[in-house]
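Spelled out, the chains give:
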Amino acid sequence: QVQLVESGGGLVQAGGSLRLSCAASGSIFNIKSMGWYRQAPGKRRELVAAITSGGGTNYADSVKGRFTISRDNAKNTVYLQMNSLKPEDTAVYYCNARSTLGVPYWGQGTQVTVSS
């Protein structure tokens, strides 16, 4: 089993920055990829960024050039650096991990609010 603990959310002004952290524990050797999803009120949960065990990354078109996902293997932690934040980035952000068998794991979510 995999446990995910998120931190780093908060309230920022438009144009500001935040860094989200997600610490993984448990059967981390089974993790194939990790990523960040977000869900705004009235909208479906969407993929923001993902990073594979091999280091490959993918981003939603809406955040390309502004967000960066990274990984610290020694700390079993993934990060989401969010720059040039926009009000439309306001959402609950969830850390996600997928096992090699396709089983998804989710963090508790952290609120990001961007004021205009």
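See the structure above.
Residues numbered from 1 in each chain as written. Predicted model: local features only at pLDDT ≥ 70, side-chain atom pairs only at ≥ 80, totals over all residues. Heavy atoms only, no water.

1. What about the packing of aromatic side chains?
Where two aromatic rings form a pair, the distance of their centres and the angle of their planes describe that pair. For clarity, the threshold we go by: Ring pairs are drawn from Phe, Tyr and Trp, using the six-membered ring of Trp, whenever the two centres fall within 6.5 Å, and their geometry is named by plane angle: stacked under 30 degrees, edge-to-face over 60, tilted for the rest. Helical segments are the DSSP runs of H or I of at least four residues, strand segments are the runs of E of at least two, and each set is numbered from the N terminus. With a 1.4 Å probe rolled over the protein chains alone, any residue whose accessible area is under 20% of its type maximum counts as buried; one over 50% counts as exposed, and the rest are partly exposed. The rule is short: NZ of Lys or CZ of Arg within 6 Å of the ring centre and within 35 degrees of the ring normal puts a charge over the ring.
Here the structure, examined in full by the defined rule, presents 2 aromatic pairs. Geometrically, the ring pair formed by tyrosine 37 and tryptophan 106 is edge-to-face, given 5.0 Å between the ring centres and 70° between the ring planes. Of this pair, tyrosine 37 sits in strand β4 (residues 31-39) while tryptophan 106 sits in strand β10 (residues 104-106), placing them 69 residues apart in sequence. Accessibility expressed as a relative area gives 38% for tryptophan 106, which makes it partly exposed. Taking 6.5 Å as the distance between ring centres and 90° as the angle between the ring planes, the aromatic pair formed by tyrosine 94 and tryptophan 106 counts as edge-to-face. Linking tyrosine 94 in strand β9 (residues 91-99) with tryptophan 106 in strand β10, this pair joins segments that are 12 residues apart in sequence. In this structure an aromatic cluster arises from ring pairing among Tyr37, Tyr94 and Trp106. Over the aromatic face of tyrosine 94 sits the side chain of arginine 45, whose NZ or CZ is 3.8 Å from the ring centroid.

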